[in-house]
Amino acid sequence: MKKFQLRVVVALLAGSCLFSSCIGSFSLFNKYAEWQREMTDNKFINAIVGFFLMPIVGSITLFIDSVVLNTIEFWTGDNPVASNIGKTQNITGQDGLLYAVTTLKNGYQITSPTGEVTLLTYHKKSNSWYISQNGVTQELFQFNEDGKSIKMKVNGASRDFSLNEQGVYEARMAATQGWSLAKR
């Protein structure tokens, strides 16, 4: 009877860990799978090598993701393997020019083709995003406590915008009105 109870307890504990809703990003496994698909230019070689590596390396990366990295991600909100900190990507702007966007620990550094640097940084304490340009820093917006809206300053007044289609419409109207008033 005790063995049966122990098995039930072990099964319930394993089920609660394995079937909980905190799935995680499985970044290590996904990076390995991406490497496997792109290790050579020949998809057949990649597949053949994958048949031999996947049972060993794939199961190890999946286990490490499941037990260690996804647990860290659940409790801290960050997966150490998923980090892109320090990586730079070239992004084409609306003006057709290339901008270098570097991922920082708390935001992004954007370097224009002329060398001008703009920082977009997130401040966890105030739950706000800031922009820094030419030595001037100002708040872009702050997340409200409800998690469903943000607070921004528009024409000197603080306004709330919902994070839905209506909020986007209202923000567009406020920005357009501000632009048309400045143009007069």
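Before reading further, recall that the structure is shown in the block above.
All values derive from a computational prediction rather than experimental measurement.

Rules and cut-offs
- Residues numbered from 1 in each chain as written.
- Predicted model: local features only at pLDDT ≥ 70, side-chain atom pairs only at ≥ 80, totals over all residues.
- Heavy atoms only, no water.
- Helix = DSSP H or I, 4+ residues; strand = E, 2+ residues; numbered from the N terminus.
- Expected span 1.5 Å × (residues − 1).
- Buried < 20%, exposed > 50% of the residue type's maximum accessible area, 1.4 Å probe, protein only.
- Contact = heavy atoms within 4.5 Å.
- Salt bridge = Lys/Arg side-chain N within 4 Å of Asp/Glu carboxyl O.
- Patch = residues over 30% accessible without salt bridge, like charges linked within 9 Å, V, L, I, M, F, W, Y side chains within 5 Å.
- Areas by Shrake-Rupley, 256 points an atom, 1.4 Å probe, with all protein chains shown as cover.
- Phe/Tyr/Trp six-rings, centres within 6.5 Å; stacked < 30°, edge-to-face > 60°.
- Bend = angle between axes of the 7 residues up to and from the residue.
- Polar contact = N/O pair within 3.5 Å; in protein donor to acceptor, adjacent residues only side chain to side chain.

Compared with an ideal rise of 1.5 Å per residue, which puts twelve residues at 16 Å, helix H2 (residues 27-38) spans 16 Å between its outermost C-alpha atoms and is within 8% of the ideal. For H2, every residue scored as buried is listed here: Ser27, Tyr32, Ala33 and Gln36. Of the surrounding secondary structure, the elements contacted by the buried residues of H2 are helix H3 (43-76).

In the structure shown here, the tally under the stated rule is one salt bridge. Put simply, Lys151 and Asp160 hold a salt bridge, and the shortest N to O gap is 3.0 Å.

What follows covers a nonpolar patch on the surface. Nonpolar side chains collect at one region of the surface, where Ile56, Ile60, Phe63, Ile64, Val67, Val68 and Ile72 lie side by side and expose about 600 Å² of accessible area between them. With respect to the helices and strands, the residue Ile60 is situated in helix H3. Overall, Ile60 belongs to the partly exposed group, its relative accessible area being 46%.

Turning our attention to the packing of aromatic side chains. Applying the stated rule across the entire model yields four aromatic pairs. Relative to Phe143, the ring of Phe141 lies with its centre 5.3 Å away and its plane at 85°, an arrangement referred to as edge-to-face. Its relative accessible area of 30% is what places Phe143 among the partly exposed residues.

In this section: H3. The first and last C-alpha atoms of H3 sit only 37 Å apart over 34 residues, clearly below the 50 Å expected at 1.5 Å per residue. A maximum bend of about 60° is found in H3 at Met54, where proline Pro55 lies one to four positions downstream. Inspection of H3 places Asn46, Gly50, Gly58, Thr61, Asp65, Leu69, Asn70 and Glu73 among the buried residues, and these make up the whole buried set. Residues of H3 that are buried in the fold lie against H2. Of the residues flanking the start of H3, the one acting as N-cap is Asn42, its side-chain oxygen 2.8 Å from the backbone nitrogen of Phe44. Positive backbone phi, approximately 90°, marks Gly77, located one or two places after H3.

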